[in-house]
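Listed below, chain by chain, are the residues.
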Amino acid sequence: DHDHDHDHDHDIIHASDTRDTTPIVIPIQPQSRRSLLRTTSGAIATTILLLSSSSSQRPASAMVEQKVYSSNAKNMARLNAGDSSGGSVYDNHPPSPKARARRAMVGCKNGDARSVAGEKMGRESGLLKEGLSEKDCNMLVMGGDSDFMLGALEELDCPTCPYGIGSR
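Residues numbered from 1 in each chain as written. Predicted model: local features only at pLDDT ≥ 70, side-chain atom pairs only at ≥ 80, totals over all residues. Heavy atoms only, no water.

1. Notes on the pattern of salt bridges
- Under the criterion given, the structure shown has 1 salt bridge.
- Residue Asp-147 is joined to Arg-100 by a salt bridge in which the shortest nitrogen-to-oxygen separation is 2.3 Å. Here Arg-100 lies in helix H4 (residues 97-108) and Asp-147 lies in helix H7 (residues 147-155), a separation of 47 residues in the sequence. (Salt bridge = Lys/Arg side-chain N within 4 Å of Asp/Glu carboxyl O. Helix = DSSP H or I, 4+ residues; strand = E, 2+ residues; numbered from the N terminus.)

Shown next, in the form of structure tokens:
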């Protein structure tokens with residue numbers, strides 16, 4: 001009878017007997033690079049979608065303008081805003097005759113400016129010019145007449161366009 005109780009005592013496991021200090025190793029199935037890429041790219045895409053959808057719900061007035069520290073970043077921000085002026089401010093009424101000639105020569109390189117200048121010259125002289133070539137335009141400016149081109153540039157004034165000259 002006593003032996004029977006003794007066998008029964010071995011079946012009971014006490015909490016103090018279960019302390020095992022050996023680490024448990026769980027085998028992980030090796031994954032291919034492709035399945036790993038699929039898993040991580042899916043997680044990244046989900047994160048991007050969640051972040052973009054949460055920021056697009058804010059009104060434009062609530063968007064905070066980012067600080068820009070480098071001149072390159074300032075130029076990129078200006079270009080992204082649609083300003084192609086190169087950051088320059090163009091004056092179509094320069095004070096000196098040489099500055100007026102330089103500005104007019106820039107206009108002579110632009111087809112739209114030559115077209116407007118040619119039309120204005122045709123209306124003023126009574127002759128309708130087909131078009132003013134770059135060479136003819138340059139010759140007029142070098143001869144001292146820059147007002148015709150400066151008038152055309154004023155008509156096409158565009159502060160955010162390249163060289164400050166807009167298109168028709």
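So that's the structure; there's more coming.
2. Comments concerning the state of the cysteines
- Tallying each qualifying case throughout the model produces 2 disulfides.
- Across a sulfur-sulfur distance of 1.9 Å, Cys-108 and Cys-137 are joined as a disulfide pair. What sets the handedness of the Cys-108 and Cys-137 disulfide is the S-S torsion sign, and at about -70 degrees it is left-handed. One end of the pair, Cys-108, is in helix H4; the other, Cys-137, is in helix H6 (residues 134-142), and 29 residues separate them in sequence. Each member of the pair Cys-108 and Cys-137 is classed as buried.
- Linked covalently through their sulfurs, Cys-158 and Cys-161 form a disulfide whose S-S length is 2.0 Å. Disulfide Cys-158 to Cys-161: torsion about the S-S bond roughly 60 degrees, handedness right-handed. Here the two residues Cys-158 and Cys-161 agree in accessibility, since each one is buried.
- Along the protein chain, the cysteines engaged in disulfide bonds are linked according to the scheme 1-2, 3-4 when indexed in sequence order. (Disulfide = S-S within 2.5 Å. Buried < 20%, exposed > 50% of the residue type's maximum accessible area, 1.4 Å probe, protein only.)

3. Thoughts on the packing of H4 against H6
- Running from N to C, H4 and H6 point in directions that differ by 170 degrees, and their axes come no closer than 9 Å. In terms of their interaxial angle, H4 and H6 are classed as roughly antiparallel. Together, Ala-101, Ala-104, Met-105 and Cys-108 of H4 and Glu-134, Cys-137, Asn-138, Val-141 and Met-142 of H6 make up the contact between the two elements.
- Looking at the contact of H4 with H6, its residues break down into 7 nonpolar, 1 polar and 1 charged. (Axes fitted to C-alpha atoms, helices over the stretch in contact; angles between N-to-C directions. Parallel < 35°, antiparallel > 145°, perpendicular 65-115°, else oblique. Contact = heavy atoms within 4.5 Å. Nonpolar A, V, L, I, M, F, W, Y, C, P; charged D, E, K, R; others polar.)

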